[in-house]
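Structural overview for review
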Amino acid sequence: MFKPTSTVWEDFYPDAGRLAPLDCPPPRGNPVTVTLWTNMDHAGCRKTGRSHSGIYVFLNKALIFWYSKKQTTVETAVYGSEYVAGKIEVDLVDGLIYKLQMMGISVEGPVNMFIDNESVVKNSTIPESILKKKNTSVAYHRICEAVTGKWIRLAHVKGTANLADKLTKSVLVNILHGLSGHIF
């Protein structure tokens, strides 16, 4: 069981940050902003009990890819499922930033991650959580390291305003049209 003794993330991750690859070309043109929207449907699969993750990735205001899959683990709580979805998101954006840097495209500021679970956002920014399950703890620390390195910024968004809702749940038609207006 992990129980932190400090309340400052920099004590846990003193070397956290994102460095450009050694062999990347110098930046060309204007930098881009990366925004991610994530949502999950806890235990949405009736057959296996697995949760379903949905992620939208935007460069500036253009949707460049989306991700919608069942999670590989069965989580007993929404909290754990949200962390698994967040870890998937951090891993996807880590690879995306590397590809952009190798093409000479710089990323402006930290990546904005919008999550509709407020407790995940709060607990990822303060190191006082006690986690018992190893896979949840690994996902938690992957997100916290990215937040501490200041290359990811977490933000809470209400569930009704979450663009990634349509990747994981059945959404009412009037809400679907409102969300789609932001994407297409």
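Below is a short write-up of the structure. (Residues numbered from 1 in each chain as written. Predicted model: local features only at pLDDT ≥ 70, side-chain atom pairs only at ≥ 80, totals over all residues. Heavy atoms only, no water.)

**What about the overall build of the protein chain?**
For the protein chain, the helix and strand inventory stands at six helices and five strands. Ordered by position from the N terminus, the helices and strands of the protein chain form the series α-β-β-β-α-β-α-α-β-α-α. Relative to its full complement of 184 residues, the protein chain shows a buried share of 42%. Sequence separation of 24 or more characterises 70% of the internal contacts of the protein chain that already satisfy a separation of 6 or more. (Helix = DSSP H or I, 4+ residues; strand = E, 2+ residues; numbered from the N terminus. Buried < 20%, exposed > 50% of the residue type's maximum accessible area, 1.4 Å probe, protein only. Contact = heavy atoms within 4.5 Å.)

**Examining the pattern of salt bridges**
As enumerated under the stated definition, the model contains four salt bridges in all. When the shortest N-O distance is used, the salt bridge between Lys87 and Asp91 registers 2.9 Å. With Lys87 and Asp91 both in helix α2 (residues 78-102) and four residues apart, this pair spans about one turn of that helix. Each member of the salt-bridge network shares a partner with another, and the members are Lys87, Asp91, Asp94 and Arg142. (Salt bridge = Lys/Arg side-chain N within 4 Å of Asp/Glu carboxyl O.)

**Some points on the packing of helix α3 (residues 118-125) against helix α4 (residues 134-148)**
Remark: α3 packs on α4, axes separated minimally by 9 Å, with the N-to-C direction vectors making an angle of 65°. Handedness of the crossing formed by α3 with α4: right-handed. Judged by residue contacts, Asn123, Ser124 and Thr125 of α3 engage Tyr140, Ile143, Cys144 and Val147 from α4. In the contact of α3 with α4, the residues fall into four nonpolar, three polar and no charged. (Axes fitted to C-alpha atoms, helices over the stretch in contact; angles between N-to-C directions. Left-handed = near helix turned anticlockwise from the far one by under 90°. Nonpolar A, V, L, I, M, F, W, Y, C, P; charged D, E, K, R; others polar.)

**Concerning the environment of Asn39**
As for its placement among the helices and strands, Asn39 is situated in strand β1 (residues 34-41). A relative accessible area of 0% places Asn39 in the buried class. When the C-alpha positions of Asn39 and Tyr56 are compared, they lie 9.2 Å apart, and in sequence the two are 17 residues distant.

**Structural notes on the environment of Glu108**
Of note, Glu108 is situated in the loop between α2 and β4 (111-115). Given the relative accessible area of 46%, Glu108 is considered partly exposed. The contact partners of Glu108, leaving out residues within four places of it in the chain, are Pro31, Val32 and Thr33.

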